[in-house]
Amino acid sequence: MFSILLAASTQATGSNWSIFILMPLLFVVMYFTMIRPQKKQQKKEQEIRESTQIGDEITTIGGIIGRVVTVKEDSLIIETGADRNKMKITRWAIQTNNTANEKIQAEREAARAAKEAEAKEKKEKKNKDDE
């Protein structure tokens, strides 16, 4: 009888230790799969909102596309449409900065073109050396 109680007690202690090991492990997995990517995305969005300047073309959360006319501490005034209607929006309503995205895309294309040109130049030089 005593051996049965001892075995049951040992088994229960083992399962308690596995819970203490699995709970932090579960938290770590959740952190790297859910919390960290969300924080990165929020930081990126905040940088976009803070770096908005006069003349940038932006898209709001509601889907309105306009050009920034005035920048204030917590709000912007944008022009939309052919009639150049002006709207006041808050900074948190900015979803994307289209001008910044175009600049980044142009820089990537320029870097890719330079890399291709360099590879082509190396290939031509190698062909000359082989002859």
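Residues numbered from 1 in each chain as written. Predicted model: local features only at pLDDT ≥ 70, side-chain atom pairs only at ≥ 80, totals over all residues. Heavy atoms only, no water.

**Student:** Any chance you could explain the pattern of salt bridges here in plain terms?
**Tutor:** Pairing between side chains of opposite charge can happen when the charged atoms of each approach one another. Within the structure shown, the criterion is met by two salt bridges. Two residues, Arg-67 and Glu-57, come together in a salt bridge whose shortest N-O distance is 3.5 Å. Linking Arg-67 in strand E2 (residues 65-71) with Glu-57 in strand E1 (residues 57-60), this pair joins segments that are 10 residues apart in sequence. Residue Glu-57 is classed as partly exposed on the basis of its relative accessible area, which comes to 26%. Among the salt bridges present, the one from Lys-122 reaches Glu-118, with a minimum N-O distance of 3.6 Å. Placement of the pair is Lys-122 and Glu-118 together in helix H2 (residues 98-130), with a separation of four residues, close to one helical turn. By relative accessible area, which is 55% here, Lys-122 ends up exposed. (Salt bridge = Lys/Arg side-chain N within 4 Å of Asp/Glu carboxyl O. Helix = DSSP H or I, 4+ residues; strand = E, 2+ residues; numbered from the N terminus. Buried < 20%, exposed > 50% of the residue type's maximum accessible area, 1.4 Å probe, protein only.)

**Student:** What am I meant to see in a nonpolar patch on the surface here?
**Tutor:** Taken together, the side chains of Ile-19, Met-23, Leu-26, Phe-27, Val-28, Met-30, Tyr-31, Phe-32, Met-34 and Ile-35 define a hydrophobic patch exposed on the protein surface, amounting to about 950 Å² of accessible area. Mapped onto the elements, Ile-35 comes out in helix H1 (residues 2-50). Since its relative accessible area comes to 31%, Ile-35 is described here as partly exposed. (Patch = residues over 30% accessible without salt bridge, like charges linked within 9 Å, V, L, I, M, F, W, Y side chains within 5 Å. Areas by Shrake-Rupley, 256 points an atom, 1.4 Å probe, with all protein chains shown as cover.)

**Student:** Honestly, the nonpolar core in this entry has me stumped. Any pointers?
**Tutor:** Nonpolar side chains tend toward joint burial in soluble globular proteins. By size, the foremost hydrophobic cluster in this structure holds seven residues: Ile-48, Ile-58, Val-68, Leu-76, Ile-78, Ile-89 and Ile-94. Discounting chain neighbours no more than four positions away, the residues touching Ile-48 are Ile-94, Thr-96 and Asn-97. (Core = buried A, V, L, I, M, F, W, Y, C linked by side-chain atoms within 4.5 Å. Contact = heavy atoms within 4.5 Å.)

**Student:** Please explain the packing of aromatic side chains as it appears in this structure.
**Tutor:** The geometry of an aromatic ring pair comes down to the distance between the two centres and the angle between the two planes. Tallied over the entire structure, the rule returns two aromatic pairs. Consider the rings of Trp-17 and Phe-20, whose centres lie 6.2 Å apart with planes at 65°: the pair is edge-to-face. Of the two residues, Trp-17 and Phe-20 both sit in helix H1, three residues apart, roughly one turn of that helix. Residue classification places Trp-17 among the exposed residues on the basis of a relative accessible area of 56%. Residue Phe-20 is classed as exposed on the basis of its relative accessible area, which comes to 58%. Centre to centre, the rings of Tyr-31 and Phe-32 are 5.2 Å apart; their planes meet at 85°, and the pair counts as edge-to-face. (Phe/Tyr/Trp six-rings, centres within 6.5 Å; stacked < 30°, edge-to-face > 60°.)

**Student:** Would you take a moment to explain unusual backbone geometry for this structure?
**Tutor:** With the exception of glycine, most residues fall at negative phi, and the peptide bonds are largely trans. Look at Arg-84: it is not a glycine, yet its phi comes out positive at around 55°. Here Arg-84 is to be found in the loop between strand E3 (75-80) and strand E4 (85-90).

**Student:** I keep staring at the side chain of Thr-52 and nothing clicks. Help me out?
**Tutor:** Here Thr-52 is to be found in the loop between H1 and E1. Overall, Thr-52 belongs to the buried group, its relative accessible area being 4%. At 2.9 Å, the side chain of Thr-52 forms a polar contact with the backbone oxygen of Ile-48. Within polar-contact distance, the side chain of Thr-52 engages the backbone oxygen of Arg-49 at 3.5 Å. Apart from the residues lying within four places of it in its own chain, the contact partners of Thr-52 are Ile-58, Val-68, Val-71, Leu-76, Arg-91, Ile-94 and Asn-97. (Polar contact = N/O pair within 3.5 Å; in protein donor to acceptor, adjacent residues only side chain to side chain.)

**Student:** Would you mind showing me how to read the pairing of E1 here?
**Tutor:** Here is the key point about a regular strand: its side chains alternate between the two faces of the sheet. Here E1 runs beside E2; their pairing, made up of three bridges, is antiparallel. The partner of Thr-59 across the bridge, within E2, is Ile-65. Between E1 and E2, which pair antiparallel one after the other, the connecting turn spans four residues, and Gly-63 there sits at a positive phi close to 95°. For E1 and strand E5 (residues 94-97), the ladder comprises three bridges, and the chain directions are antiparallel. Across the sheet, residue Thr-59 finds its bridge partner in E5, namely Thr-96. (Pairing = 2+ DSSP bridges.)

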